[in-house]
Amino acid sequence: LSQKKPVDVVAALIWEKDKFLICQRPANKTRGLLWEFVGGKVEPRETMQQALNRECVEELAINVTVGDIFMQVTHDYPDMLIRLTLFHCTIPEGFPQAMEHNDLKWIHPGQTDGFDFCPADTDILKEIKRTVKEELLRESEETGKISAPMATEALEPVKEAVMKSETVPEPA
């Protein structure tokens, strides 16, 4: 049984208020047209942070400020074993442009089910939703009220029920 050597891949979790950036892979690449976070392979003699900034320049035509690690996952694809490290990033100036990707979108955590993501991102997306819910609960306990962006997220199931003209779920 041949052991695949893990390939180090870095990606950026970029927030704009209550939405984060996702990118649709080009049709001609492996996992074509699936959605992902911007990023790519770490080249030899490159730090993870340098690799991530290089990938953002190549793929989005922007520099990023790389912050702390949000999460690290390992995923075994048929063609490669990847060790994916997702960093919190900010854009000091400029706007992302789809230089290589098919499309770019800013989405709320509650909208992720509407997009087909690369399998390596599944656990990351669950963690994003979990941390957003925790922040929402903590904020509501501290202030007695919920911020507008977070409230939008919390009311998503109610909105869906209304749109389907189902009975609105009782508040817990």
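Residues numbered from 1 in each chain as written. Predicted model: local features only at pLDDT ≥ 70, side-chain atom pairs only at ≥ 80, totals over all residues. Heavy atoms only, no water.

Enquirer: Even after reading the chapter, I still don't get the side chain of His-101, so can you show me in this structure?
Expert: As for its placement among the helices and strands, His-101 is situated in the loop between strand E6 (81–90) and strand E7 (103–107). Under the relative-accessibility criterion, His-101 is labelled buried at 8%. Side-chain polar atoms of His-101 contact the side chain of Glu-36, separated by 2.9 Å. Setting aside its immediate chain neighbours within four residues, His-101 contacts Cys-23, Gln-24, Arg-25, Pro-26, Glu-36, Val-38 and Glu-59. (Helix = DSSP H or I, 4+ residues; strand = E, 2+ residues; numbered from the N terminus. Buried < 20%, exposed > 50% of the residue type's maximum accessible area, 1.4 Å probe, protein only. Polar contact = N/O pair within 3.5 Å; in protein donor to acceptor, adjacent residues only side chain to side chain. Contact = heavy atoms within 4.5 Å.)

Enquirer: How do you make sense of the pairing of strand E2 (residues 19–24) when you look at a structure like this?
Expert: Consecutive residues of a regular strand have side chains that alternate between opposite faces of the sheet. In terms of burial, E2 is largely enclosed, as 5 of its 6 residues are buried. Inspection of the sheet shows strand E1 (residues 7–16) paired to E2 by 2 bridges, in the antiparallel sense. Note on E2: the bridge partner recorded for Glu-16 is Lys-19. Joining the antiparallel neighbours E1 and E2 is a turn of 2 residues, in which Lys-17 adopts a positive phi near 55°. Where E2 lies against E7, 5 bridges are found, and the strand directions are antiparallel. Across the sheet, Ile-22 pairs through a bridge with Lys-105, a residue of E7. (Pairing = 2+ DSSP bridges.)

Enquirer: What's the story with the state of the cysteines in this structure? I'm lost.
Expert: Joining two cysteines, a disulfide is a covalent bond between their sulfur atoms. Per the counting criterion, the structure on display carries 0 disulfides. Cysteine Cys-56 remains unbridged, with the sulfur of Cys-89 as its closest cysteine sulfur at 5.9 Å. (Disulfide = S-S within 2.5 Å.)

Enquirer: Looking at this model, I keep getting lost on the nonpolar core. Mind explaining?
Expert: Across soluble globular proteins, nonpolar side chains have a tendency to be buried as a group. Grouped together as the largest cluster of nonpolar side chains are 23 residues, with contacts concentrated most on Phe-20, Phe-37, Leu-84, Ile-124 and Ile-128. Of all the secondary structure elements, the ones that give two or more residues to this core are E1, E2, strand E5 (65–76), E6 and helix H2 (122–143). With 4 residues, the single largest contributor to this core is H2. Leu-84 has contacts with Val-9, Val-10, Ala-11, Met-71, Gln-72, Val-73, Ala-120, Asp-121 and Ile-124, leaving out every residue within four places of it along the chain. With 15 residues, the next largest nonpolar core counts Ala-12, Leu-21, Phe-87 and Cys-89 among its residues. (Core = buried A, V, L, I, M, F, W, Y, C linked by side-chain atoms within 4.5 Å.)

Enquirer: Looking at this structure, I do not really get unusual backbone geometry. What am I missing?
Expert: Backbone phi values are negative for most residues with the exception of glycine, while trans is the configuration of most peptide bonds. Unlike most non-glycine residues, Lys-17 shows phi in positive territory, near 55°. Along the chain, Lys-17 falls in the loop between E1 and E2. A relative accessible area of 76% places Lys-17 in the exposed class. For Arg-31, which is not a glycine, the phi torsion comes out positive at approximately 55°.

Enquirer: What am I meant to see in the packing of aromatic side chains here?
Expert: Two aromatic rings, taken as a pair, are described by how far apart their centres are and by the angle between their planes. Under the defined criterion, the tally for this structure stands at 4 aromatic pairs. Centroid distance Trp-35 to Phe-115: 5.2 Å. Interplanar angle 75°. Geometry classified as edge-to-face. Of the two residues, Trp-35 sits in strand E3 (residues 35–36) while Phe-115 sits in the loop between E7 and H2, which places them 80 residues apart along the sequence. When the ring of Phe-37 is compared with that of Phe-117, the centres are 6.4 Å apart and the planes differ by 35°; the resulting orientation is tilted. One end of the pair, Phe-37, is in the loop between E3 and strand E4 (39–41); the other, Phe-117, is in the loop between E7 and H2, with 80 residues separating them in the sequence. For the pair Phe-37 and Phe-117, one class covers both residues: buried. An aromatic cluster is defined as three or more aromatic residues linked by ring pairs; in this entry it consists of Trp-15, Phe-20, Phe-37 and Phe-117. If you follow Arg-31 out to its NZ or CZ, it ends over the ring of Tyr-77, 3.7 Å from the centre. (Phe/Tyr/Trp six-rings, centres within 6.5 Å; stacked < 30°, edge-to-face > 60°. Lys NZ or Arg CZ within 6 Å of the ring centre and 35° of its normal.)

Enquirer: Can you walk me through the environment of Lys-129 in this structure?
Expert: Looking at where Lys-129 falls in the secondary structure, it is placed in helix H2. For Lys-129, a relative accessible area of 23% gives the class partly exposed. Sequence separation between Lys-129 and Gly-110 is 19 residues, and the spatial gap between their C-alpha atoms is 7.1 Å. The contact partners of Lys-129, leaving out residues within four places of it in the chain, are Pro-109, Thr-112 and Asp-113.

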